[in-house]
Amino acid sequence: EATLATVEKHDASTPLFLYLPWQAVHSPYDQVPGWPYKKSDDANTYRGMLWRSDHYVGALTAMLKSKGMWDNTLVVYSADNGGRGAGVNYPFRGEKRTNFEGGIRAAAFVSGGLVPAKLRGTHSSVRLHIVDWFPTFCQLAGVDPGNVPPEPPLPIDPSNPTKDIYGNNSWPSLDGIDVWPLLMRGERN
């Protein structure tokens, strides 16, 4: 609801970056479920949380369209890892906190008016990592990611793996690539 209020107050003529890290659908399953599901067990609570997420994605989409912002909008909806416990990662082995595909491959979709009409509703075989979104968003916004440190890190010393190679004036440089051109090719599974 706070997100909807933010969008409602926003001047549609200026760009808006909105990061919405929803906890739903995620444990702990002690959140108040959304209508029409009653909290009777974890599965029903999970369904309610999913319903609520779907409801707010729909409300946010409707608001962006009503304000004339949809055509210049990119929506990225992504899980951060595979399911765990009752989460089903079939046909992949493993779950959250493992290095198997069931733990690291996550569901995601890209939508919004920035996605060309010919690609809407299609599947993509492009594999990417969550760190690729930052340089992609920067490129789409016409902004230089500017993540180059003023001083390069010191060389890694294998005999001293705990040595601080960054100091006060360095940091790891940007990790990730702009994946927008790959996504716009329209490759399919």
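The following refers to the structure shown. (Residues numbered from 1 in each chain as written. Predicted model: local features only at pLDDT ≥ 70, side-chain atom pairs only at ≥ 80, totals over all residues. Heavy atoms only, no water.)

## Here we look at the layout of surface pockets
Where empty space is left can be seen by rolling a probe of water-molecule size over the atoms. The test is simple: The pocket and cavity definitions rest on a 1 Å grid over protein atoms only: a 1.4 Å probe that fits but cannot leave marks a cavity, an open set with protein on both sides within 12 Å along at least five of seven lines marks a pocket, and residues lining either have an atom within 4 Å of a point. Grid points are joined across faces, edges and corners, and a volume is the space filled by probe spheres set on the points. Secondary structure elements are defined from DSSP: runs of H or I of at least 4 residues count as helices, runs of E of at least 2 residues count as strands, and each element is numbered from the N terminus. Each residue gets one label: Ala, Val, Leu, Ile, Met, Phe, Trp, Tyr, Cys and Pro are nonpolar, Asp, Glu, Lys and Arg are charged, and the others, such as Gly, are polar.
Volume-wise, the second largest pocket comes out at about 1400 Å³. For the second largest pocket, the lining is made up of 35 residues, of which A106, A108, S124, V126 and L128 are closest to its centre. Those elements giving two or more residues to the lining of the second largest pocket turn out to be α3 (101–104) and β2 (108–111). In terms of residue count, the dominant contributor to the lining of the second largest pocket is β2 (four residues). When grouped by side-chain class, the residues that make up the lining of the second largest pocket number 17 nonpolar, 12 polar and six charged.

## Concerning unusual backbone geometry
Between Y90 and P91 the backbone carries a cis peptide bond, its omega angle lying at 10 degrees. Summarising the element assignment, P91 is placed in the loop between β1 (75–78) and α3. Although it is not a glycine, R97 adopts a positive phi angle of roughly 75 degrees. Examined against the element boundaries, R97 turns out to sit in the loop between β1 and α3.

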